[in-house]
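Now for the letters of each chain:
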Amino acid sequence: MQILKFKLSVPQGVRLQQATGSLLHGVLMEHIDKDYATALHEQRLRPYSQYLAYNKEENVWDWQLAVLNEQAQQELLAPAWALPNKFLLKHNNVEVEIVDRKLLPAITYDELAGKHFLNDSKLRYIDLQFVTSCSFKRDGGYVIFPQPELLISGLLRKWNIFADSNKLQERNLVASLCSEIYVADYRMQMQSFPIEGIRIPAFRGTYRLGLRNNMMANKVLTMLFDYAQYSGIGIKTALGMGGIRTSFLQSWKA
């Protein structure tokens, strides 16, 4: 797993949106191997996530691309790193400039598991910041609130598909993990995500989960929600939805 971060600038007076992430996905697909792009299109779960978010402090747009396995690392990160400093978003004819690019250190699934299973800190809360709009699909409809069952089942599914080791396939694991957390706080709002003329009902905001006293369950949970920063959460994470930043707390902080 590895993350590539860009800082993007646009001409004065031009404002991008989080949904521009879907246009950036198109730019990326134009620069990778065509056979691999075709193979990705045929996969229901894709081995990467990406999103675009405004960085108010620096007045730039942060674009993050995260890959979930070694093949995606080879096929996506090198072409992304080699993108020209300036490129055109053809859909709205906006020139985008890359003002900074940074490749974070890679981490294996074993290393991410070890980071949490060897940590004896007594963590009490998991804070999730939904940087871009998130939604889920269930029974043919959209679910626009981060129910613990949907959060955990989605992360487990991606982990078990893309992990090369440390797979989590215990029976009734989702229900067991859900019983060890509770919703401690949230500040959410509805914010739809437009893709190809369709507005997907979705939410954004912050969401705090409290951890109970099962240390082993807590290690699995913190590992999975750390993984969410690579995988994203919910649907269409390859197109810019479900971008996540996670933090872990030992005590309550407002």
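Thresholds applied
Residues numbered from 1 in each chain as written. Predicted model: local features only at pLDDT ≥ 70, side-chain atom pairs only at ≥ 80, totals over all residues. Heavy atoms only, no water. Phe/Tyr/Trp six-rings, centres within 6.5 Å; stacked < 30°, edge-to-face > 60°. Helix = DSSP H or I, 4+ residues; strand = E, 2+ residues; numbered from the N terminus. Buried < 20%, exposed > 50% of the residue type's maximum accessible area, 1.4 Å probe, protein only. Lys NZ or Arg CZ within 6 Å of the ring centre and 35° of its normal. Salt bridge = Lys/Arg side-chain N within 4 Å of Asp/Glu carboxyl O.

Novice: Report on the packing of aromatic side chains, specifying residues and quantitative values.
Specialist: Given two aromatic rings, their pairing is described by the distance between the two centres and the angle made by the two planes. For the structure shown, the criterion picks out nine aromatic pairs. Ring centres of Tyr 109 and Trp 159 lie 4.9 Å apart, and the angle between their planes is 75°; on these two criteria the pair is classed as edge-to-face. Here Trp 159 lies in helix α5 (residues 148–162) and Tyr 109 lies in helix α4 (residues 109–117), a separation of 50 residues in the sequence. Judged by relative accessible area, Trp 159 falls into the buried class, the value being 0%. With 5.9 Å between their ring centres and 85° between their planes, Phe 145 and Tyr 207 make a pair best called edge-to-face. Of this pair, Phe 145 sits in the loop between β8 (141–143) and α5 while Tyr 207 sits in strand β12 (residues 203–211); the two residues are 62 residues apart in sequence, bridging distant segments of the chain. In this structure Tyr 207 comes out as buried when scored by relative accessible area, which is 1%. Through successive ring pairs, a cluster of aromatic residues spans Tyr 109, Trp 159 and Tyr 227. Across from the ring centre of Tyr 54, 5.3 Å away, lies the NZ or CZ of Arg 15, which sits over that ring. A cation over a ring is seen here: Arg 208 above Tyr 125, with NZ or CZ 5.5 Å from the ring centre.

Novice: So what's going on with the pattern of salt bridges? Residues and values would help.
Specialist: Applying the stated criterion across every chain yields a total of six salt bridges. Between Lys 7 and Glu 58 there is a salt bridge, and its shortest N-O distance comes to 3.4 Å. Here Glu 58 lies in the loop between β2 (48–55) and β3 (60–67) and Lys 7 lies in strand β1 (residues 2–9), a separation of 51 residues in the sequence. By relative accessible area, Glu 58 is classed as partly exposed at 44%.

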